[in-house]
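Overview (structure and organization)
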Amino acid sequence: GGEEELVIRPPVVTVMGHVDHGKTKLLDAIRSTNVVDREAGGITQHIGAYQVATHLNDVERLITFIDTPGHEAFTAMRARGSQSTDIVVLVVAADDGVMPQTVEAINHAKAAEVPIVVAINKIDKEGANPDKIRQQLTEYGLVAEEYGGDTMFVEISARARTNIDGLLEAVLLTADAALDLRANPDMEAQGVTIEAHLDRGRGPVATVLVQRGTLRVGDSIVSGNAYGRVRAMLGDHGENVSEATPARPVQVLGFTSVPGAGDSFMVVEEDRVARQIAQSRQARARKAQVANRRR
Ligand code: GTP
Ligand code: NA
Ligand code: MG
């Protein structure tokens, strides 16, 4: 084998924080969209993944964002979100302060050894007290640079779209200081399925994050117990994508069943191999189930 040709990939950033502190609104501000108003009950119930372009020192940079739910019911989703990420943006509402899922998010990030950038949100609101948030977070080991620590805190308003650029800059500075963002695009793709569901018209739809290699239409793919051949890929605006390089999230059509959220995926050389791997995993899962029942 020859030398690996590594290229710089975008950082993967997971947005976490207590329910209604403004994670989805922040991503709406970054993407100039409006997802918040379409969510049932204003509660995020799944993981969304988006790639955005921004500038640092006149150089265009991509960042991959993963939105997570803050509702207490979704601990497992948050744990998975923090495992496949490079950086956590911790959103804390300036009028509400540190809450249970704020602390949970800090613990997930620490367990995954992922650096945290704090976004103090809703600074437009009456009663907003950013200094109180800084003070509260020192108790959890997040000490702001202006307090002599090494965590970047950025004051924003997702609603008024205040200082969004400042937050993106903090994310890129943290990425450049703390991470090795090189990946090999010249290999069969590997990554993680971050969410999957059965669509009535399109069949199983999986949102996957490519971590190494390049995923292409026509590839034979296996994720956990599920396998298939990539029939089509869609970007986060519904556009067709023919190739997905490292840190690119895409929706994959072509699985023969719905893969599990959080399962890793890989591309193999042919359909037969993908089917064999998936079937042997299915058989192992059935055996484990039977053994559990006998216990
Ligand atoms: P979950 O995903 O359910 O945990 O909530 P979330 O953290 O994604 O919060 P979301 O973006 O849904 O925002 C919750 C509410 O706060 C919405 O009504 C937003 O419009 C509002 N909101 C978000 N950011 C701001 C802000 O900067 N200022 C003000 N005033 N309101 C905001
Ligand atoms: Na919400
Ligand atoms: Mg949300």
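Below or above, wherever it landed, is the structure these notes cover. This is a predicted model, so every value here is computed, not measured. Just so you know, the residues in each chain are numbered from 1, in the order the chain's sequence is written. For naming, the first written chain is A and the first written ligand is 1, with later ones following in the order written. It should be noted that, the model being predicted, local features are given only for residues of pLDDT at least 70 and side-chain atom pairs only at 80 or more, the latter also being counted only at that level, while totals for whole chains, interfaces and linings use all residues.

1. Thoughts on the pairing of strand S16 (residues 249–255)
With C-beta atoms placed from the backbone, a residue counts as buried when 20 or more other C-beta atoms lie within 10 Å of its own, as exposed when 12 or fewer do, and as partly exposed for counts between those limits. Here a helix means four or more residues in a row that DSSP labels H or I, a strand means two or more in a row labelled E, and each is numbered from the N terminus. The buried fraction of S16 amounts to 6 of the 7 residues, a majority that puts the element mostly inside the structure. Pairing between strand S10 (residues 203–212) and S16: 5 bridges, direction antiparallel. Following the sheet pairing, Ala-206 is matched in S16 by Val-252. As paired elements, strand S13 (residues 226–234) and S16 share 4 bridges and run antiparallel to each other. Across the sheet, Met-233 pairs through a bridge with Val-252, a residue of S16. Note: two strands are recorded as paired if DSSP finds a minimum of 2 bridges between them.

2. What about the sheet that holds strand S4 (residues 59–67)?
Where strands meet in a sheet, backbone hydrogen bonds hold them as pairs that are either parallel or antiparallel. On the basis of which strands lie adjacent, the open sheet formed by 6 strands has the order S3-S4-S2-S5-S6-S7 and mixed pairing. Every other strand in the sheet has two partners, leaving strand S3 (48–56) and strand S7 (153–155) as the edge strands with one partner each. For this sheet, the mean angle separating the axes of adjacent strands, direction not counted, is 30°. Both strand S2 (residues 12–17) and strand S5 (residues 87–93) contribute to a ladder of 5 bridges, which runs parallel. Of the residues in S5, the one forming a bridge with Met-16 is Leu-90. The contact criterion used is a C-beta to C-beta distance within 7 Å, with each C-beta placed from the backbone. Axis definition: a line fit to C-alpha positions, over the contact stretch in the case of helices; interaxial angles, taken between N-to-C directions, run 0 to 180 degrees. On the sheet, helix H4 (residues 130–138) packs against S5, strand S6 (116–121) and S7 and is oriented at approximately 150° with respect to S6.

Just geometry here; none of it tells us what the structure is for.
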